[in-house]
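# What the coordinates show
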Amino acid sequence: MRWIDYLRLSYAGIKAQKRRSFTVIAIVGLLFSIVLALCFIVQGIENTVLDTMLLPTNGSVLIMSTVDQNACDDVCDIPTEVATIQYNVQTYGGTIIPTQAIQTPDGPFYQLNTNVFPPSSANPDATPTSPTDPDAIPIAASLSAVASLAQLEAPSQDASIADKVQFIQAARDHTLHQVVTASSGQKYYIAEILPSTTYLTDLSLSRVDGNNGNILDLIFSQLSPGFSQNFLLASATAPTSSIGTNAQATNINTDVRTNSINTDTQGTVFALFPNLDAAYAYYRDPANYCSVRDQILNHCGGRQYRYLTTSAIANPLGIYECFQDIWPVIIVVSVVLMVIAVIIALSTYSRLIGRDLKIISLYHAMGASRKQIRLVYITYFLMLSLAAVVFATILGSVLALIMSLTNQASLQAVFMLALGTADRFTILLGLNPLILYAILALVLTAILAVFCSNHSFRTRRIASKLK
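This section reports on the structure supplied with the text.

Conventions used here
Residue numbers run consecutively from 1 along every chain, following the written order of its sequence. Thresholds applied to this predicted model are a pLDDT of at least 70 for local features of residues and 80 or more for the giving and counting of side-chain atom pairs; totals over whole chains, interfaces and linings are not thresholded and use all residues. To get the side-chain values, all heavy atoms of the structure are used, and hydrogens and water are removed first. Grid points spaced at 1 Å over the protein atoms alone were grouped into cavities, where a 1.4 Å probe fits but cannot get out, and pockets, open sets with protein on both sides within 12 Å along at least five of seven lines, with lining residues defined by an atom within 4 Å of a point. Grid points are joined across faces, edges and corners, and a volume is the space filled by probe spheres set on the points. Put simply, DSSP H or I for four residues or longer makes a helix, DSSP E for two residues or longer makes a strand, and each gets a number counted from the N terminus. When residue character is reported, Ala, Val, Leu, Ile, Met, Phe, Trp, Tyr, Cys and Pro are called nonpolar, Asp, Glu, Lys and Arg charged, and the others, Gly included, polar. Helices are assigned an expected span. That span is 1.5 Å times one less than the residue count. Exposed residues in this analysis have more than 50% of their type's maximum accessible area, buried residues have under 20%, and partly exposed residues fall in between, with area computed by a 1.4 Å probe over protein chains only. Along the arc lie the directions from the helix axis toward the C-beta atoms. Here a residue-residue contact requires only that any non-hydrogen atoms of the pair lie within 4.5 Å. Any two strands are treated as partners once DSSP identifies two or more bridges connecting them. The convention used is that axes are lines fitted to C-alpha atoms, helices contributing only their stretch in contact, and that angles between N-to-C directions extend from 0 to 180 degrees. Under this scheme an angle from 65 to 115 degrees is roughly perpendicular, one under 35 degrees roughly parallel, and one over 145 degrees roughly antiparallel; angles in between are oblique. In a left-handed crossing the near helix is turned counterclockwise from the far helix by less than a right angle, and in a right-handed crossing that turn is clockwise.

## Description of the layout of surface pockets
When its volume is computed, the second largest pocket comes out at roughly 410 Å³. Contributing to the lining of the second largest pocket are 17 residues, with Leu 38, Ile 215, Leu 218, Ile 219 and Ile 330 lying nearest its centre. By residue number, the principal contributor to the lining of the second largest pocket is helix H2 (residues 18-54), which donates six residues. Of the residues assigned to the lining of the second largest pocket, the class counts are 15 nonpolar, one polar and one charged.

## What to know about helix H5 (residues 161-175)
Counted at 1.5 Å a residue, the expected span for H5 with its 15 residues is 21 Å, and the 21 Å between its end C-alpha atoms agrees. Three or more residues of H5 are buried, namely Lys 164, Val 165, Phe 167, Ile 168, Ala 171, Arg 172 and Thr 175. Viewed along the axis of H5, the buried residues span an arc of 160 degrees, placing them on a single side of the element. Facing away from the buried side of H5 by over 90 degrees, the exposed positions are Ala 162, Gln 166, Asp 173 and His 174. Of the surrounding secondary structure, the elements contacted by the buried residues of H5 are helix H4 (143-149), strand E6 (179-181), strand E7 (187-194) and helix H13 (408-419). Downstream of H5 by one or two residues, His 177 has phi in the positive range, about 65 degrees.

## Considering the sheet that holds strand E10 (residues 268-273)
The strand order across the open sheet formed by four strands is E2-E10-E1-E11, and the pairing between neighbours is antiparallel. Two strands bound the open sheet, and with one partner strand each, they are strand E2 (95-97) and strand E11 (307-311). Strand-to-strand twist across the sheet, computed as the mean angle between neighbouring axes with direction ignored, equals 30 degrees. Pairing of strand E1 (residues 61-67) with E10, which is carried by six bridges, proceeds in the antiparallel orientation. Following the sheet pairing, Leu 62 is matched in E10 by Leu 272. Packing against the sheet, helix H3 (residues 78-91) makes contact with E1, E2, E10 and E11, and its axis sits at approximately 5 degrees to E10.

## Some words on the packing of helix H12 (residues 370-406) against helix H14 (residues 433-452)
Across the interface, H12 lies against H14 with an axial gap of 9 Å and an inter-helix angle of 155 degrees. Our classification of the angle between H12 and H14 gives roughly antiparallel. Remark: the crossing between H12 and H14 carries right-handed chirality. Facing H12, whose interface residues are Arg 374, Tyr 377, Ile 378, Phe 381, Leu 382, Ser 385, Leu 386, Ala 388 and Val 389, H14 presents Ile 439, Leu 442, Val 443, Ala 446, Ile 447, Ala 449, Val 450 and Phe 451. Counted by class, the contact of H12 with H14 contains 15 nonpolar, one polar and one charged residues.

Here you go:
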């Protein structure tokens, strides 16, 4: 028989047993839709939070590593320790960014010798290092720092959610890509507003809507926005080699720059990693890693630990690490649901074969071999499984979209209040490899069911059953 014949016979079987086929598709698809919806939502949350934090650097990760004085036996040999940090950065694929720590009357800043804030896809027309006012210093800073420089009066923590949201939106509208004048009289061009803790210390939706029973908070409550450093940016006309050594190159007059020092002399190294995976591998190096809990308890005293390593912009490393703990739980739940769905599908497919003994005997009478009959039923069950996959994917996507839409107001507010970002529409829908494994499991079930019922295709077995 040709493959078209197998498809035709399988379709005829589905058409002849519509109710039975649709029942199988509905039951199996429903269980798998829960798995898919769970994966869609969790991956969507991870993608949304990380994309927001990495947007200013277009996906690259800026890290700062500092020699932990408590980890040294006596007095830290800063030059040697810095050289070790730089070697480790390059080992993990990072790029060293020579940096100066600059103290101004308006607060401390870091000045990188490389522009790590290129125009992003979200702001393709932005010109971060090209202020229209030649006396303005281009900067990238958190919303709190920008509001302070612009002398904007922020609502207190006790203010209403609406007042806080309105202030954040107004502050962004009046400062981003604009020149502001600080209380010192110095002008600053706000090239980029970096995501950083603003009003909330975590992303719990209950902080906004007061709904303590929101299931999304099982994840959002574990996510900390982190803090961003404030940066002086190079002038677009300044050669890279002069940045950090020539005050005029960044429009910083000597009266404003009250103190300047290379960060490596302080034991701090800035590095840029091309992606989150490389940055996280460096972060988890035993010499760099100390959990947040141990940092709070001042227990970072392991034998290999020496350098305090954190994200310089928001908290992508912490978020990524948090999801490394979340996904194993999701996988366990998904596997349990998939096993239940596979058992149901396997038993249902086996019963279908058992009820089709007359049809199977007819195939034998027409001269079909056992191999051909098995292929007919494998094709039949694959069609049912693929229909269940399509049904589960559609239903899972709809569930994820419903969850996003019903929580849309809270999602928009919590991102603004926690990270100081712009108001934007958020959809919690992402793809994860676990989805492919779920689909593969259902496809393999169709094949396994046929081979588990191999005895049902033997002529003697059929003859005894039909007597």
